[in-house]
Amino acid sequence: MKLYTTSEVSRKTGLNKKTLRNWEKVFGLKVYRDDNGNRNYTDYDIELMQNIKKHKQQGMGNKFIKEYIENSNFDKSNEECAATLTQVNPLESIGDIQKIMAENFKNIMGEAIGDIVIEREQKLKEDLGNEISEKLDDISINLREEISNKVRKQVRVENQKLMLYLANNRKESKKGFFSKVFG
């Protein structure tokens, strides 16, 4: 099996080195590396890169291409599998793309709506918590004022009773012994 360097693959595919490295990450490709960490591509890898390039030129998105590669069960030991990407009937691909796009749209919208619902729920909880806290603070302040006013009023009433009692006791104490007894 012949191995190719990144430069050789770049020349053969017309893709720059940065794109090759990027596609390796984006599509989860497993490129063989030597003991020095240098990438070594096989004929299979070159074929796969060319097919990815072709599909991208046809307007297929990364997600579709990645799912197609994963769902096609490509096995690097069988280099003929890479050729199946080129044998896809474009009309079948469009139908598949539409199905995948519809499913992806549904999933994305579901996630987005779920995120919005969760975000709004958290905002409502926060707003409601703040509103309840403010109301409780207002109620607490009003209750303190009301209790304080009632206590002052009760103290005034008790003081008035005490003053009347003391005033009556003073009158009684000013009377002589016989007027107290005989009235």
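The structure we're discussing is the one just above.
On a predicted model such as this, the values are computed, not experimentally measured, just so you know.

Visitor: Whenever I open this one, the packing of aromatic side chains confuses me. Can you help?
Guide: To describe a pair of aromatic rings, one takes the distance between the centres and the angle between the planes. If you walk through the whole model with that rule in mind, you get one aromatic pair. Taking the centre distance of 6.1 Å and the plane angle of 70 degrees together, the rings of W23 and F27 count as edge-to-face. Residue classification places W23 among the buried positions, given a relative accessible area of 7%.

Visitor: Would you mind showing me how to read a positive patch on the surface here?
Guide: Taken together, the side chains of R11, K17, K18, R21 and K25 present a region of like positive charge at the surface. With four residues, helix α2 (residues 17–26) is the single largest residue contributor to the positive patch. Relative to the elements of secondary structure, K25 occurs in helix α2.

Visitor: Just to check I follow, could you spell out the nonpolar core for this structure?
Guide: Nonpolar side chains tend toward joint burial in soluble globular proteins. In this structure, F27, Y41, M49, I52 and I65 are the most contacted members of the largest nonpolar core, which totals 19 residues. Only α2, α3 (43–57) and α4 (62–71) provide two or more residues apiece to this core. The element best represented in this core is α3, accounting for five residues.

Visitor: Would you take a moment to explain α3 for this structure?
Guide: Helical geometry: 3.6 residues make up each α-helical turn, so side chains three or four residues apart lie on a common side. A rise of 1.5 Å per residue sets the reference length of α3, with its 15 residues, at 21 Å; its end C-alpha atoms lie 21 Å apart and thus fit the reference within 8%. Within α3 the residues assigned to the buried category are Y44, D45, I46, L48, M49, N51, I52 and H55. In this fold, the buried residues of α3 make contact with α1 (6–13), α2, β2 (39–40) and α4. Where α3 ends, the next residue or the one after it, G59, has phi of about 95 degrees, a positive value.

Visitor: Please clarify how a nonpolar patch on the surface should be interpreted in this entry.
Guide: Judged by side-chain polarity, L128, I132, L136, I139, L143, I147, V151 and V155 come together as a nonpolar surface patch covering roughly 720 Å² of accessible area. Tracing the backbone shows I147 in helix α5 (residues 90–174). Among the residues examined, I147 registers a relative accessible area of 52% and is labelled exposed.

Visitor: Sorry if this is basic, but what is going on with a negative patch on the surface here?
Guide: Judged by side-chain charge, E131, E134, D137 and D138 come together as a negatively charged surface patch. Checked against the element boundaries, D137 lands in helix α5.

Visitor: Before we go on, may I ask you to explain the pattern of salt bridges in this structure?
Guide: When their charged atoms lie close together, side chains carrying opposite charge are able to pair. One pass over the structure, following the stated rule, counts six salt bridges. E146 serves as the salt-bridge partner of K150, at 3.6 Å between the closest nitrogen and oxygen. Taken as a pair, K150 and E146 lie in helix α5 at a separation of four residues, close to a single helical turn. Overall, K150 belongs to the exposed group, its relative accessible area being 55%. The salt bridge partner of K161 is E158, with a shortest N-O separation of 4.0 Å. Of this pair, K161 and E158 both sit in helix α5, separated by three residues, roughly a single helical turn.

Visitor: Before we go on, may I ask you to explain the packing of α1 against α3 in this structure?
Guide: Closest axis-to-axis distance for the α1/α3 pair is 10 Å, and the angle between their directions is 45 degrees. In this view, α1 runs oblique relative to α3, as classed from their interaxial angle. Where α1 crosses over α3, the two elements pack in a sense that is right-handed. Where α1 abuts α3, its residues V9, K12 and T13 lie against I46, M49, Q50 and K53. Taken together, the residues of the contact of α1 with α3 sort by class into three nonpolar, two polar and two charged.

Criteria and thresholds
- Residues numbered from 1 in each chain as written.
- Predicted model: local features only at pLDDT ≥ 70, side-chain atom pairs only at ≥ 80, totals over all residues.
- Heavy atoms only, no water.
- Phe/Tyr/Trp six-rings, centres within 6.5 Å; stacked < 30°, edge-to-face > 60°.
- Buried < 20%, exposed > 50% of the residue type's maximum accessible area, 1.4 Å probe, protein only.
- Patch = residues over 30% accessible without salt bridge, like charges linked within 9 Å, V, L, I, M, F, W, Y side chains within 5 Å.
- Areas by Shrake-Rupley, 256 points an atom, 1.4 Å probe, with all protein chains shown as cover.
- Salt bridge = Lys/Arg side-chain N within 4 Å of Asp/Glu carboxyl O.
- Lys, Arg positive; Asp, Glu negative; His and termini not counted.
- Charge placed at Lys NZ, Arg CZ, Asp CG, Glu CD.
- Helix = DSSP H or I, 4+ residues; strand = E, 2+ residues; numbered from the N terminus.
- Core = buried A, V, L, I, M, F, W, Y, C linked by side-chain atoms within 4.5 Å.
- Expected span 1.5 Å × (residues − 1).
- Contact = heavy atoms within 4.5 Å.
- Axes fitted to C-alpha atoms, helices over the stretch in contact; angles between N-to-C directions.
- Parallel < 35°, antiparallel > 145°, perpendicular 65-115°, else oblique.
- Left-handed = near helix turned anticlockwise from the far one by under 90°.
- Nonpolar A, V, L, I, M, F, W, Y, C, P; charged D, E, K, R; others polar.

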